[in-house]
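# Structural overview
Letter by letter, the chains look like this.
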Amino acid sequence: MADLQPSRELFLADTPMLDARAPVEFGKGAFPTAVNLPLMNDSERHQVGLRYKEQGQQSAIELGHQLVSGVVKEERIAAWAAFAKAHPEGCLYCFRGGLRSQITQQWLKSEAGIAYPRVAGGYKALRHFLMEAIDQALAECSFVVVGGMTGCGKTDVLLQLDNALDLEACANHRGSSFGKRASPQPAPIDFEHRLAIALIKLQAQGHHWFALEDESRLIGACALPLALHQRMQSLPMVWLEDSREGRVERILRDYVSGLCEEYVALDPRHGFERYRAHLLAALGKLVKRLGDQRYRRLLQMMETALARQEQDGVVDLHRAWIDALLAEYYDPIYAFQRESKRSRLLFAGQQTEVVGFLRQYRP
């Protein structure tokens, strides 16, 4: 069976991928549709690697066949066969498209009677393809940044656009000190892959310019590709405006009610405690910038609000610390940022106006 070449079609079709690498490799980075069904587990891979260094390739291959034999081999082939039968349109890969994927492919054919394609060059070639897709988009496409005060609804704007590149969705993080979600972020490499695939899909839909939210280099633990972040510093910008009251309500919706629901849905028994710890830790990150006195005042407001919320589900008291944090910390920072970016502003307005402008905008 001919090898598959890395291509945008693999990602446009959300092709299921059997990742034959060891779990430790998979954890460092993979692809959204990949499932880890390794030829060797971490311990076996480590032993084979040591043998390779000490006695060479042939001895390492022999050890690998000893370690993955008998019942272990049967179980792994059975798992691969189940994946291949469930996803006949899929493919498999290892790190470089070498021995591990060749053996996986051969055993599937000889032991299970399944001819399953593998990706030439493996994970390394697929990742290289995606990184080139980002560079190509930066070279060929136009971008507009959506800026605005904390809580003004920049993500809400992006959700109304067909050509939005939602960086925070790719990172599973809202981008601020309070932006952590109940579910974990992807590995930094996985974030880059999600971003590249999003660009590929948008371009395939015929879009040649993209709206994206103004972000710092780090979105939680995920770093924007350096070239993209550098480009964002000079991109044209629209500025989303809203009253502080409106922003308080939006933050209450997303960072209090919505976030609590996320935590409780994932862990009904301990979700509220995890949510409480999240808010307290997020405020704690700002203690040096807030100063001790102001931090303690906001902390007392937050603890009072959390106690009331836990008692009867009422979230009204959270408005006090949200409003104070905006007025005393976030708003002065963003007011300075807007002034520093004034020369780049194309348009400023309320949400409906900004969405209308961006839908009509042509670079």
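Conventions used here
Residues numbered from 1 in each chain as written. Predicted model: local features only at pLDDT ≥ 70, side-chain atom pairs only at ≥ 80, totals over all residues. Heavy atoms only, no water. Helix = DSSP H or I, 4+ residues; strand = E, 2+ residues; numbered from the N terminus. Expected span 1.5 Å × (residues − 1). Buried < 20%, exposed > 50% of the residue type's maximum accessible area, 1.4 Å probe, protein only. 1 Å grid on protein atoms, 1.4 Å probe; cavity = no way out; pocket = protein on both sides within 12 Å on 5 of 7 lines; lining within 4 Å. Points joined across faces, edges and corners; volume = space filled by probe spheres on them. Nonpolar A, V, L, I, M, F, W, Y, C, P; charged D, E, K, R; others polar. Salt bridge = Lys/Arg side-chain N within 4 Å of Asp/Glu carboxyl O. Pairing = 2+ DSSP bridges. Axes fitted to C-alpha atoms, helices over the stretch in contact; angles between N-to-C directions. UniProt positions renumbered as here; feature names shortened; annotations may be inferred. Core = buried A, V, L, I, M, F, W, Y, C linked by side-chain atoms within 4.5 Å. Contact = heavy atoms within 4.5 Å. Phe/Tyr/Trp six-rings, centres within 6.5 Å; stacked < 30°, edge-to-face > 60°. Parallel < 35°, antiparallel > 145°, perpendicular 65-115°, else oblique. Left-handed = near helix turned anticlockwise from the far one by under 90°.

## Comments concerning helix H10 (residues 188-204)
- The end-to-end C-alpha separation of H10 is 25 Å, in line with the 24 Å expected for 17 residues at 1.5 Å each.
- Considered for burial, the residues of H10 that qualify are Asp190, Phe191, Glu192, His193, Leu195, Ala196, Ile197, Leu199, Ile200 and Leu202.
- The first or second residue beyond H10 is Gly206, which carries a positive phi of 95°.

## Section: the environment of Glu140
- Following the sequence through the fold, Glu140 ends up in helix H7 (residues 122-140).
- The exposure class assigned to Glu140 is exposed, which follows from its relative accessible area of 54%.
- The spacing of Glu140 and Trp209 is 69 residues in sequence and 9.1 Å in space, taken between C-alpha atoms.

## Points about the layout of surface pockets
- Taken as a whole, the largest pocket spans an internal volume of roughly 1,100 Å³.
- In terms of lining residues, the largest pocket is bounded by 44 residues, among which Glu168, Arg174, Gly175, Ser176 and Tyr334 are the most central.
- Of all elements in the fold, only strand S4 (142-148), helix H8 (154-158), helix H9 (167-171), helix H12 (244-266) and helix H16 (318-340) reach the threshold of two or more residues within the lining of the largest pocket.
- Within the lining of the largest pocket, the residues separate by chemical class into twelve nonpolar, 16 polar and 16 charged.

## Describing the pattern of salt bridges
- Within this structure, the stated rule accounts for 26 salt bridges.
- The residue Lys341 makes a salt bridge to Asp214 at a minimum N-O spacing of 2.5 Å. With Lys341 in the loop between H16 and strand S9 (345-349) and Asp214 in the loop between strand S5 (209-213) and strand S6 (218-219), this residue pair connects regions lying 127 residues apart in the sequence.
- Here Arg250 and Asp242 are joined by a salt bridge, their closest N and O atoms 3.0 Å apart.
- You can call Arg250 buried: its relative accessible area is 16%.

## Overview of the sheet that holds strand S1 (residues 17-19)
- In space, the three strands of this open sheet follow the order S2-S1-S3, with parallel pairing throughout. A strand with exactly one partner marks an edge of an open sheet, and here the two such strands are strand S2 (34-36) and strand S3 (91-93). Here the strands of the sheet are splayed against their neighbours by 30° on average, with no regard to which way each runs.
- Examined bridge by bridge, S1 and S3 share three bridges and lie parallel to one another. Pairing of Leu18 across the sheet is with Leu92, part of S3.

## A closer look at the UniProt feature "active site" (unreviewed entry) in the protein
- Annotation from UniProt places "active site" (unreviewed entry) at Cys94.
- Take Cys94: it is sitting in the loop between S3 and helix H6 (99-112).
- Take Cys94: its relative accessible area is 2%, and that puts it in the buried class.

## Some words on the nonpolar core
- The biggest cluster of nonpolar side chains holds 40 residues, and the ones touching the most others in it are Met17, Phe31, Tyr93, Phe143, Leu165, Leu167 and Leu212.
- For Leu165, the contacting residues outside a window of four places in its chain are Phe143, Leu158, Leu195, Ala198, Leu199, Leu202, Phe210, Ala211 and Leu212.
- By size, the runner-up hydrophobic cluster in this structure holds 31 residues, among which are Val248, Val256, Cys260 and Leu283.

## Considerations on the environment of Lys109
- Positionally, Lys109 belongs in helix H6.
- Sequence spacing of Lys109 and Leu10 is 99 residues, and the spatial spacing of their C-alpha atoms is 22 Å.
- When sequence neighbours within four positions are dropped, the list of residues in contact with Lys109 reads Ile114 and Ala115.

## Comments concerning the UniProt feature "domain: Rhodanese" (unreviewed entry) in the protein
- In this numbering, the UniProt entry assigns the feature "domain: Rhodanese" (unreviewed entry) to residues 11-135.
- End C-alpha atoms of residues 11-135 are separated by 17 Å, and the span's content is 62% helix alongside 7% strand.

## Re the packing of aromatic side chains
- Evaluation of the coordinates by the stated rule reveals 13 aromatic pairs.
- Arranged with centres 6.0 Å apart and planes meeting at 25°, the rings of Phe95 and Tyr123 form a pair that is stacked. Of this pair, Phe95 sits in the loop between S3 and H6 while Tyr123 sits in helix H7, and the two are 28 residues apart along the sequence.
- Under the relative-accessibility criterion, Phe95 is labelled partly exposed at 24%.

## Some points on the sheet that holds S5
- Spatial ordering of the open sheet is given by S5-S4-S8-S9, a layout of four strands whose pairing is parallel. Pairing within the sheet leaves two strands with one partner each, and these edge strands are S5 and S9. In this sheet, adjacent strand axes meet at a mean angle of 20° when their direction is disregarded.
- In terms of strand pairing, S4 meets S5 through five bridges, oriented parallel. Directly across from Ser142, in S5, lies its bridge partner Trp209.

## What about the packing of helix H3 (residues 42-55) against helix H4 (residues 57-67)?
- Close contact between H3 and H4 brings their axes to 7 Å; oriented N to C, the two are set at 155°. By the angle class used here, H3 and H4 are roughly antiparallel. Crossing of H3 against H4: the hand is right-handed. Of the residues in H4, those in contact with Glu44, Gln47, Val48, Arg51, Tyr52 and Gln55 of H3 are Gln57, Ser59, Ala60, Leu63, Gly64 and Leu67.
- By residue class, the composition of the contact of H3 with H4 is five nonpolar, five polar and two charged.

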